[in-house]
Amino acid sequence: SQQGEEDPQALSIQEGENATMNCSYKTSINNLQWYRQNSGRGLVHLILIRSNEREKHSGRLRVTLDTSKKSSSLLITASRAADTASYFCATDLIQGAQKLVFGQGTRLTINP
Amino acid sequence: GAGVSQTPSNKVTEKGKYVELRCDPISGHTALYWYRQSLGQGPEFLIYFQGTGAADDSGLPNDRFFAVRPEGSVSTLKIQRTERGDSAVYLCASSLFGAGLGETQYFGPGTRLLVL
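Conventions used here
Residues numbered from 1 in each chain as written. Chains lettered and ligands numbered in written order. Predicted model: local features only at pLDDT ≥ 70, side-chain atom pairs only at ≥ 80, totals over all residues. Heavy atoms only, no water. Pairing = 2+ DSSP bridges. Helix = DSSP H or I, 4+ residues; strand = E, 2+ residues; numbered from the N terminus. Axes fitted to C-alpha atoms, helices over the stretch in contact; angles between N-to-C directions. Disulfide = S-S within 2.5 Å. Phe/Tyr/Trp six-rings, centres within 6.5 Å; stacked < 30°, edge-to-face > 60°. Buried < 20%, exposed > 50% of the residue type's maximum accessible area, 1.4 Å probe, protein only.

**With respect to the sheet that holds strand β8 (residues 71–76) of chain A**
Residues and elements named next belong to chain A.
Inference 1: The five strands lie next to each other as β1-β3-β8-β7-β6, forming an open sheet whose pairing is antiparallel. Both edges of this open sheet fall to β1 (5–7) and β6 (55–58), since each of them pairs with a single strand only. For this sheet, the mean inter-axis angle between neighbouring strands, taken without regard to orientation, is 15°.
Inference 2: Direction of pairing for β6 relative to strand β7 (residues 61–66): antiparallel, over a ladder of four bridges. Looking across to β7, one finds that K56 is bridged to V63.

As structure tokens, then:
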């Protein structure tokens, strides 16, 4: 079963705009990670945020984590056509900490 | 190698046949993971290896699925008596230590399996 839920399921914006995707999860976690996937193949790791962190930046990416609400958000600023992909959040649980539990993803389309 | 590699990229087989999917992790990574991704879904965990041993195989759907990692590097996922419902992309990932450290998992490009 999947514990993460991404919102929205699909997002279409104009190039240059910011894109925000949200993820909610159900049980306590060690860490939350965001991945990108192009064309249904390999996942590219974007950013990892630990349960004791609230915000993290990497280039045009900004991730927040609210453990009290069991939610995270991924913000991509100044979007580019190359950002078109599916984005997944993945959590590793305190129990059985090795496996990642993924949400269903947000399909992001950047229109030129 | 520079990243996780998986072979074959695509595999088409007939219902009832046996298939093997191979994963070459990043050199030096002790932890290896297999996931399965159906169309429109996120990846789902199958099995995790710490070295040569399967530390968690709770995601394997049934006894037709089996995986090995005999020398602690390359892993093979084996599916017996394939069914149409086994059609999916099979993803492999590796991480440096595993062991509950909450590490980044690095994914390969996947093997797309189609069972006719």
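**Things to note about the sheet that holds strand β3 (residues 19–24) of chain B**
Residue and element names in this part refer to chain B.
Inference 1: Strand order in the open sheet formed by four strands is β1-β3-β8-β7, and the pairing between neighbours is antiparallel. Edge strands, defined here as strands with exactly one partner in the open sheet, are β1 (5–7) and β7 (65–68). For this sheet, the mean inter-axis angle between neighbouring strands, taken without regard to orientation, is 15°.
Inference 2: Here β7 pairs with strand β8 (residues 75–79) via four bridges, running antiparallel. Residue A67 lies in a different strand from β8, and its bridge partner there is L77.

**Things to note about the state of the cysteines**
Residue and element names in this part refer to chain A.
Inference 1: This model, assessed by the stated rule, comprises two disulfides over all chains.
Inference 2: Bridging C23 to C89, the disulfide has an S-S length of 2.0 Å. Measuring handedness by torsion sign, the sulfur bridge of C23 and C89 sits at about 65° and is right-handed. Of this pair, C23 sits in strand β3 (residues 19–24) while C89 sits in strand β9 (residues 85–93), placing them 66 residues apart in sequence.

**Quick word on the packing of aromatic side chains**
Inference 1: Counted according to the given criterion, the structure contains nine aromatic pairs over all chains.
Inference 2: When the ring of F102 of chain A is compared with that of Y35 of chain B, the centres are 5.8 Å apart and the planes differ by 90°; the resulting orientation is edge-to-face. Here the residue F102 of chain A occupies a position in strand β10 (residues 100–102), and Y35 of chain B occupies one in strand β4 (residues 31–37), the pair thus bridging two chains. Here F102 of chain A matches Y35 of chain B in class, with each residue buried.
Inference 3: Look at Y35 of chain B and F45 of chain B: their rings are 6.0 Å apart centre to centre, the planes differ by 75°, and that puts the pair in the edge-to-face class. Taken as a pair, Y35 of chain B in strand β4 and F45 of chain B in strand β5 (residues 44–50) lie far apart in primary sequence, ten residues in all. When sorted by exposure, Y35 of chain B lands in the same class as F45 of chain B, which is buried.
Inference 4: One aromatic cluster is present, formed by Y35, F88 and F102 of chain A together with Y33, Y35, F45, Y48 and F107 of chain B through successive ring pairs.

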